Amino acid sequence: MSSLPALINQLVRPEILALNAYHVPASAGMVKLDAMENPYLVPAALRAEIAAAVSEAAINRYPDPSAQGLRQKIRDLLQLSDDMDVLLGNGSDELIQLLAMAVNKPNATLLSVEPSFVMYKMIATFLGMRYVGVPLAADFSLDMSAMLASIEREQPALIFLAYPNNPTGNAFSTADIQQILCAAQGLVVVDEAYYAFAENSFVAHLTDYPNLLVMRTFSKLGMAGLRLGFLVGDKRWLAQLDKLRLPYNVGVLPQLVASKLLQHHDVLLTQAAQIKQDRSKLAQQLSAITGVQVFASSANFLLLRVAHAQEIFAGLKQRGVLIKNLHGGHAMLENCLRVTVGTPAENERFIVAFKESIQQG
Ligand SMILES: *Cc1c(COP(=O)(O)O)cnc(C)c1O
């Protein structure tokens, strides 16, 4: 009988052994500006209404497997035509996995850009799927000649484009994405996780391209704790993907609470508008600091380049402010930090701690 470590080494796929698990740092008691969460709860009256509904919820029963009510609410919000449908996931992370599983034939390729959302590559690895990351241009726009050459060469079955992009914050050019949609033989998923903070969307383009799906999440709009993402696109695409969805992937409580919250979508969008305003203010304050480069953002976070990211990140942490250190990840993110826009008070605490950390460094 082998020892337990030997057994693990023998049985687990080498690419899984080599992985580092997705790391979530401890944040208890800190100003938490590392994960693009909405810093606001909804008003107390609405929370009381939700609490009353939750107290009546049939949690002894399995949820509605097709989440009919919630999906209809999303349909209405997006004013989808009859040939379009909505597929719900346990966060959009689950939908990325489901998409990859659907097209992962032997030698199929998943393509994205770098730097971008790390789960695209991670999920390809989980599934043993080939992954190609095309570097962005120096200004974080799409490097179209590299993109078109890669698409031609690799013939990816699946392309993910985060729009706006995480962690760079910019939205790629609409014309560039349209050109990719035309060039690609595979499925192109436009990941609109930050739609509430952005100017444009591809939802209206769904009918123009047979290979386009749009993915969104409610995580950045005040429901990160519910774990709800969704795909929008042609019914015929979603019917295939729906076969791969595990039964009851969205529980009774997320269905119920999200339905209530979406009845008050305007409240959430007002919060998003506030966050956008505070994003501008924060960007101005940071730009005024010598040695700090602030990148333009269409999301609820800012990407910064500083002289010594590691030291400033540590200095902030020491002062009780948690942001994301991107230094050491991708070469294009050298000395970069990412800060989520918080409440005005949180942003102020961040600015004070940031300045102190620079002086100390
Ligand atoms: C946060 C994020 C997601 C994941 O969202 P969940 O719904 O919480 O899984 C997907 N895509 C991008 C680009 C993100 O930044």
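Rules behind the numbers
Residues numbered from 1 in each chain as written. Predicted model: local features only at pLDDT ≥ 70, side-chain atom pairs only at ≥ 80, totals over all residues. Heavy atoms only, no water. Phe/Tyr/Trp six-rings, centres within 6.5 Å; stacked < 30°, edge-to-face > 60°. Helix = DSSP H or I, 4+ residues; strand = E, 2+ residues; numbered from the N terminus. Buried < 20%, exposed > 50% of the residue type's maximum accessible area, 1.4 Å probe, protein only. Lys NZ or Arg CZ within 6 Å of the ring centre and 35° of its normal. Lys, Arg positive; Asp, Glu negative; His and termini not counted. Salt bridge = Lys/Arg side-chain N within 4 Å of Asp/Glu carboxyl O. Polar contact = N/O pair within 3.5 Å; in protein donor to acceptor, adjacent residues only side chain to side chain. Contact = heavy atoms within 4.5 Å. Core = buried A, V, L, I, M, F, W, Y, C linked by side-chain atoms within 4.5 Å. Expected span 1.5 Å × (residues − 1). Domains from an automatic or database assignment. Buried area = accessible area lost by both parts, 1.4 Å probe. Near = heavy atom within 4 Å. Nonpolar A, V, L, I, M, F, W, Y, C, P; charged D, E, K, R; others polar. Pairing = 2+ DSSP bridges.

### Some remarks on the packing of aromatic side chains
A complete count under the given rule lists eight aromatic pairs for this structure. Between the aromatic rings of Phe218 and Phe230, the centroid separation amounts to 5.3 Å while the plane-to-plane angle is 45 degrees, which identifies the pairing as tilted. With a gap of twelve residues between them, Phe218 in the loop between β7 (212-217) and β8 (229-234) and Phe230 in strand β8 connect regions that are remote in the sequence. Each member of the pair Phe218 and Phe230 is classed as buried. On the basis of an interplanar angle of 40 degrees and a centroid distance of 5.4 Å, the ring pair of Phe350 and Phe354 is categorised as tilted. Here Phe350 pairs with Phe354, and both are found in helix α13 (residues 344-360), just four residues apart, close to one helical turn. No difference in accessibility class separates Phe350 from Phe354, as the two residues are buried. Following the ring pairs from residue to residue traces out a cluster consisting of Phe117, Tyr120 and Phe160. The ring of Tyr195 carries Arg216 above its face, with NZ or CZ at 4.0 Å from the centroid.

### Focus: the side chain of Lys220
Residue placement: Lys220 occurs in the loop between β7 and β8. The buried charged residue Lys220 lacks any salt bridge partner; its closest oppositely charged side chain belongs to Asp191, at an N-O distance of 7.1 Å. Of note is the side chain of Lys220, whose polar atom sits 3.2 Å from the side chain of Tyr194. In this structure, Lys220 is in contact with Ala35, Met36, Asn38, Ala193, Tyr194, Phe197 and Asn300, ignoring residues within four places of it in sequence.

### Notes on the pattern of salt bridges
Taken as a whole and judged by the stated rule, the model has 13 salt bridges. Notably, a salt bridge pairs Asp242 with Arg245, separated by 2.7 Å at the nearest N-O pair. Given the relative accessible area of 33%, Asp242 is considered partly exposed. With a closest N to O distance of 2.8 Å, Glu356 and Arg319 form a salt bridge.

### Details of the nonpolar core
By size, the foremost hydrophobic cluster in this structure holds 91 residues, and its most contacted members are Leu142, Leu286, Phe350 and Phe354. Looking at this core, the element that brings in the most residues is helix α11 (residues 265-287), giving six residues. Excluding residues within four positions of it along the chain, Phe350 makes contact with Leu33, Leu282, Leu286, Leu304, Leu316, Val321, Ile323 and Val339. One finds Val103, Ala108, Met119 and Leu213 within the second-largest nonpolar core, a separate group that totals 26 residues.

### What about α11?
Helix length check: α11 (23 residues) gives 33 Å between terminal C-alpha atoms against 33 Å at 1.5 Å per residue, within 8%. Residues of α11 that are buried: His265, Leu268, Gln271, Ala272, Ile275, Asp278, Arg279, Leu282, Ala283 and Leu286. In this structure, the buried side of α11 is in contact with α4 (68-78), α10 (252-263), β9 (293-294), β10 (301-305) and α13.

### Observations concerning the domain arrangement of the chain
One frequently used descriptor of interface size is the decrease in accessible area upon assembly of the parts. Along its sequence, the chain is organised into domain 1 (11-42 + 266-360) and domain 2 (57-263). Taken together, the contact between domain 1 and domain 2 spans 31 residues of the former and 34 residues of the latter. Between domain 1 and domain 2 lies a buried interface of about 2,500 Å² when both sides are counted; carbon and sulfur atoms form 69% of it. Of all residues in domain 1, the largest losses of buried area upon contact with domain 2 belong to Leu268, Ser298 and Met332, amounting jointly to 24% of the total for that side. On the surface where domain 1 and domain 2 come into contact, there are zero salt bridges. Across the domain 1-domain 2 interface, the total number found is six residue pairs in polar contact (both at pLDDT 80 or more). Mapped onto the side of domain 1 that touches domain 2, the elements with two or more residues apiece are α2 (14-17), α11 and β10.

### Focus: the site of the ligand
Inspection of the region around the ligand gives 13 residues, with Asp191, Tyr194, Thr217, Ser219 and Lys220 positioned closest. Here an oxygen atom of the ligand and a side-chain polar atom of Asn166 are 2.9 Å apart. Note that a nitrogen atom of the ligand is positioned 2.5 Å from one of the side-chain N or O atoms of Asp191. The element contributing the most residues to the shell around the ligand is helix α5 (residues 91-103), with three residues. Here the residues of the shell around the ligand are counted per class, giving four nonpolar, five polar and four charged.

### A word on the pairing of strand β13 (residues 336-340)
Burial analysis of β13 places five of its five residues in the buried class, which makes it a mostly covered element. On β13, burial covers both faces: Cys336, Arg338 and Thr340 on one face and Leu337 and Val339 on the other are all buried. Of the strand pairs in this sheet, β10 and β13 are connected by five bridges, and their pairing is antiparallel. Within β13, the residue paired with Leu302 across the bridge is Val339. In this structure, strand β12 (residues 324-325) lies alongside β13, joined through two bridges in antiparallel fashion. Bridged to Lys324 within β13 is Arg338.

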